[in-house]
Amino acid sequence: MSKCTTVKFTAKFLVVASGENSAENIPMIPGLENFPGDVIHSSSYKSGKSYSGKNVLVVGSGNSGMEIAYDLATHGANTSIVIRSPIHVMTKELIRLGMALAHHLPLNLVDKLLVMAAYLIFGDLSRHGITRPKMGPMTLKSETGRSAVIDVGTVGLIKKGIIKLSMYFYLL
């Protein structure tokens, strides 16, 4: 993003994973109406089996998008994911810990503990193009409704280069 780099993707399939809690939202993407491949929303996604060996771009890096990217990659699809905004990546154990601590500690302290723990677990994800929001994960959820991403193994595949990451895309 800081380099204003444009990346060209050629894919036969596009998975859109944007929306909150299964509320289908396919954003207005220039060129989408002329895209010759299949476009599905994450709520219609079933399995990566039928995408093996195919190029697939996942738009959306919430829990659904990250889980779908993982499933596609583990089924042999050439998978790319668009991360359009900063995200917190956590484990389910960290989220549980944060929820428990929030009953006893100020939310800003819980956020600091969770971010430090996530850094210890995942390392510096900005080296791989994943940045964190300025607001902590618990405060972000409380004030905006945006949830942290619970990693199912996607981060490891991004680090290995199996899942490619992009901040921007356009359709031809």
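Scroll up to find the structure.
Position numbers for residues start from 1 in each chain and track the written sequence from start to end. Local features in this predicted model are restricted to residues whose pLDDT is 70 or higher, and side-chain atom pairs enter the listing and the counts only when it is 80 or higher, whereas totals over whole chains, interfaces and linings include all residues. With hydrogens and water set aside, each side-chain value is computed from the structure's full complement of heavy atoms.

**Q** Report on the packing of helix α2 (residues 92-101) against helix α3 (residues 107-122), specifying residues and quantitative values.
**A** It is the contact of α2 with α3, at a shortest axis distance of 10 Å, that shows an interaxial angle of 165 degrees. Here α2 is positioned roughly antiparallel relative to α3, judged by the angle of their axes. By crossing handedness, the relation of α2 to α3 is classed as right-handed. Along its contact with α2, which presents Leu94, Gly98 and Leu101, the element α3 presents Val110, Leu113, Leu114, Ala117, Ala118 and Ile121. Partitioned by chemical class, the residues of the contact of α2 with α3 number 8 nonpolar, 1 polar and no charged. In this analysis an axis means a line fitted to C-alpha atoms, helices contributing only their contacting stretch, and an angle means the value between N-to-C directions, from 0 to 180 degrees. Helix and strand definitions here come from DSSP, where helices need a minimum of 4 consecutive H or I residues and strands a minimum of 2 consecutive E residues; each element is numbered from the N-terminal end. For classification purposes, angles smaller than 35 degrees are called roughly parallel, those larger than 145 roughly antiparallel, those between 65 and 115 roughly perpendicular, and all remaining angles oblique. Note: crossing handedness is left-handed where the near helix turns anticlockwise from the far helix by less than a right angle, and right-handed where it turns clockwise. Note on contacts: a residue pair is in contact if any heavy atoms of the two residues lie within 4.5 Å. Residues were grouped as follows: Ala, Val, Leu, Ile, Met, Phe, Trp, Tyr, Cys and Pro as nonpolar; Asp, Glu, Lys and Arg as charged; and all remaining residues, including Gly, as polar.

**Q** Quick one: what's the story with the environment of Ala102, residue by residue and with numbers?
**A** For Ala102, the location among the structural elements is in the loop between α2 and α3. Once the C-alpha coordinates of Ala102 and Met138 are considered, the two residues, 36 residues apart in sequence, prove to be 8.3 Å apart. When near neighbours in sequence (up to four residues on either side) are disregarded, Ala102 contacts Leu107, Val110 and Met138.

**Q** Summarise the packing of α3 against helix α4 (residues 137-144); cite the residues concerned and give the values.
**A** Where α3 contacts α4, the two axes come as close as 7 Å, and the packing angle between them is 130 degrees. One element, α3, and the other, α4, form an angle in the oblique class. Note on element contacts: α4 touches α3 through Pro137, Met138, Thr139 and Ser142, opposite Leu107, Val110, Asp111, Leu114 and Val115. Partitioned by chemical class, the residues of the contact of α3 with α4 number 6 nonpolar, 2 polar and 1 charged.

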